[in-house]
Structures are given as structure tokens and as C-alpha cells.
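Listed here are the chains, written in short residue letters.
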Amino acid sequence: MRIGIFDSGIGGLSVLNEAYHRFPDEEYIFYADTRHVPYGLKTEEEIKGFTDEIVKFLIGKKVDAIVIACNTATSVSVEMLREKYDLPILGMEPAVKPAVENAEDCDKRILVMATPVTIREKKLANLLMRVDVKHRADLLAMPELVGFAEREDYESDAVKNYIRKQFSEIGATEEKYSTLVLGCTHFNYFKPLYREILGEKMLLVDGNYGTVHHLGDVLGLNIKKDADSKIIFNQPQDIVVGYHTSYYESGDEITDNNRLSKYLRMLNRLEFVRNI
Ligand code: DGL
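Quick look at the structure, then. (Residues numbered from 1 in each chain as written. Predicted model: local features only at pLDDT ≥ 70, side-chain atom pairs only at ≥ 80, totals over all residues. Heavy atoms only, no water.)

## A look at the pattern of salt bridges
Inspection of the entire model under this criterion finds 22 salt bridges. A salt bridge links Arg22 to Glu18; its shortest N-O distance comes to 3.0 Å. Note that Arg22 and Glu18 are positioned in helix 1 (residues 13-22) at a spacing of four residues, about one turn of the helix. As far as the burial class goes, Arg22 and Glu18 line up, both buried. A salt bridge links Glu93 to Lys123; the shortest N-O distance between them is 3.4 Å. Here Glu93, found in the loop between strand 4 (89-90) and helix 4 (96-102), pairs with Lys123, found in helix 6 (residues 122-131); they are 30 residues apart in sequence, far enough to count as distant. A single salt-bridge network, built from bridges that share partners, covers Glu18, Arg22, Asp228 and Arg274. (Salt bridge = Lys/Arg side-chain N within 4 Å of Asp/Glu carboxyl O. Helix = DSSP H or I, 4+ residues; strand = E, 2+ residues; numbered from the N terminus. Buried < 20%, exposed > 50% of the residue type's maximum accessible area, 1.4 Å probe, protein only.)

In C-alpha cells form, the structure reads like this:
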């Protein structure tokens, strides 16, 4: 099967990496809309326009299904895209349901981080109404975190201070929260920092596994036996030839090893933080 996966930028690589673990034999087209990142600070109209272009582009590449590896784009566009196009279009939403289920026997609260657009869209409010019946989730917008990820700045004092400041503004401590939901695919890169700031016991929940699992169900794919064994990406061609993937940035295919090295580094980072 040929699967299109897109995001505003490099956040969606976390979904691609999860797909490599489970379905390494499929063919992938990864599309980062680098010309328009970050979506989380754009208008609805703009995001609808960008995502429509991307879906048209991917359909032109004859994909069998599309994964919107972006919570922001999903919350604004998924319904419009599903109405307009015939193929399976899977979206992502903050993994509040598994977080609530997991924290059933614990009286601490759940912190859901996302982009400003995801936080203000109705889709998240509706999700909370459905799954957070005891009103245990609090929402926190992280408008600058996507920029840090795009600059591959995962560990600097600047990003640490930013996360600390955002947490302290709403009084987020390990005494108050048991669970942190990463409601934006770009937020995966910073997992070690959340632990450093909120403690080793904090449960970090993202939507990657659920999304890829759903993709497998929709396309009838068989999960690889040792799906959780570590992947090491050594050179750019590993992520292109090895995993049958074409990489695009806002419509331009990335083929030179220099530029592919960025994707290689990021996939290795995601592999490093995957089970943190
Ligand atoms: N990665 C996207 C998400 O999951 C958002 C990034 C952006 O703001 O562009 O929400």
C-alpha cells in the first residue's frame, strides 16, 4: 500500500517513525508543509487551504490512504477533507481518552498540551465532553514549542525556560498532575525535558500508536512481529530506500543527502525518545 503522511513540519515524523515500526514494508510519502509551518498560529481559512492542496497533491501521487499527522490540521480540516475526497483520511486528536482511562484510579489531574488552534477548536471541546466526564483535564497552549522543534532545539536553556514558564503559569507540578498528553506531534521531541521538569513518574501520552494502529485496521495491514525493537537509521538512504519513503517539503521532493540528513537526525531523535 502507498500511504501519504503529512504535517505542517517535522512533527509528523513521529507518526512515520511509528509506522516504520509496525508496517515497515509499506510505501510512504511524507509531506512537511515547511513553507507554512506553524499551522497553530494560522487562521482556519488558511489551514483549510493548505491541507486541501496537500491532499490533492498526495492523491496525485496515487496514495491509498492519507494520515493527517497533525492535531491542528485535523481539528480544522478533517471533516471538510473527508467530505470532499473518497479515500480514507485519518486524523489525529489529543490522546485524552487513553489518558483518562489510564488515570482512572488516580486523583491527580491530566494536562493536555496543544497548539493555540487545537485548544480553541470545537473538536477538542467535543472530545473532552465525550471522554473527560469527570472534568479532570486542563488545557495548555504552547505556541512557541513548534518553532523550537523546527530549529532542532530540544535541550537548550531557552526551550527549558520556555516550558518551565508555561508550566508554572498554570501551576503545573507533579503533585497536581499524573499525566501529560502531547496534543501536538511536534511536542514528542521534548519528552526528556517534561520528565526533567515534572518528574520521572509523569505519564506521557501521545497519539502515535493509536493513529498507526487505526491505519493498520483501515488498510488491513499485518503488524510486524517484533514491532517494538529498536531501529537505527545510519544514513539518509536508510530512510528513503530502506523504508520506501519519498520526502516532500511543500511540494518539492527532497532527494539530496544533505537535506535528507535533517530527517535522519530527527527520526533518530524520535527513536531515542519513543519509549521515554
Ligand atoms: N504538528 C502539529 C500538531 O500536531 C502542529 C504544528 C504547527 O503548529 O504547525 O498540532
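## As for the site of the ligand
Lining the immediate surroundings of the ligand are 14 residues, of which Ser8, Tyr39, Gly40, Thr72 and His186 lie closest. Here an oxygen atom of the ligand and a side-chain polar atom of Ser8 are 2.6 Å apart. Residue Gly40 places a main-chain N or O atom 2.7 Å away from an oxygen atom belonging to the ligand. About the coverage of the ligand: the protein hides 100% of its 300 Å² of free accessible area. Of the residues in the shell around the ligand, the class split is six nonpolar, seven polar and one charged. (Near = heavy atom within 4 Å. Polar contact = N/O pair within 3.5 Å; in protein donor to acceptor, adjacent residues only side chain to side chain. Areas by Shrake-Rupley, 256 points an atom, 1.4 Å probe, with all protein chains shown as cover. Nonpolar A, V, L, I, M, F, W, Y, C, P; charged D, E, K, R; others polar.)

## Quick notes on the sheet that holds strand 4
Across a sheet, strands are paired by hydrogen bonds formed along the backbone, either parallel or antiparallel in direction. The mixed open sheet is built from six strands, whose spatial order is 4-3-1-2-9-10. Edge positions in the sheet fall to strand 4 and strand 10 (252-254), since each of these pairs with one other strand and no more. Sheet analysis places strand 1 (residues 2-7) next to strand 2 (residues 27-32), joined by six bridges and oriented parallel. Following the sheet pairing, Arg2 is matched in strand 2 by Glu27. The strands that helix 12 (residues 257-273) touches are strand 2, strand 9 (245-249) and strand 10; relative to strand 9, the one it contacts most, it runs at about 110°. (Pairing = 2+ DSSP bridges. Contact = heavy atoms within 4.5 Å. Axes fitted to C-alpha atoms, helices over the stretch in contact; angles between N-to-C directions.)

## As for the sheet that holds strand 8 (residues 203-205)
The parallel open sheet is built from four strands, whose spatial order is 6-5-7-8. Two strands bound the open sheet, and with one partner strand each, they are strand 6 (137-141) and strand 8. Each strand axis lies, on average, 25° off the axis of its neighbour in the sheet, ignoring direction. One ladder, built from five bridges, connects strand 5 (residues 109-114) with strand 6; its direction is parallel. Paired with Leu111 across the strands is Asp138, a residue of strand 6. Against the sheet, helix 9 (residues 191-198) contacts strand 5, strand 7 (177-182) and strand 8, and its axis sits at roughly 160° relative to strand 7.

## Topic: the pairing of strand 3 (residues 65-68)
On strand 3, burial covers both faces: Ala65 and Val67 on one face and Ile66 and Ile68 on the other are all buried. Note: strand 1 against strand 3, four bridges, orientation parallel. Paired with Ile5 across the strands is Val67, a residue of strand 3. Summarising the sheet, strand 3 and strand 4 pair through two bridges and their orientation is parallel. Bridged to Ile66 within strand 4 is Ile89. For the crossover from strand 3 across helix 3 (residues 71-84) to strand 4, the handedness is right-handed. (Right-handed = clockwise from strand over helix to strand, strands pointing away.)

Everything listed here is a matter of coordinates, which is why it stays silent on function.
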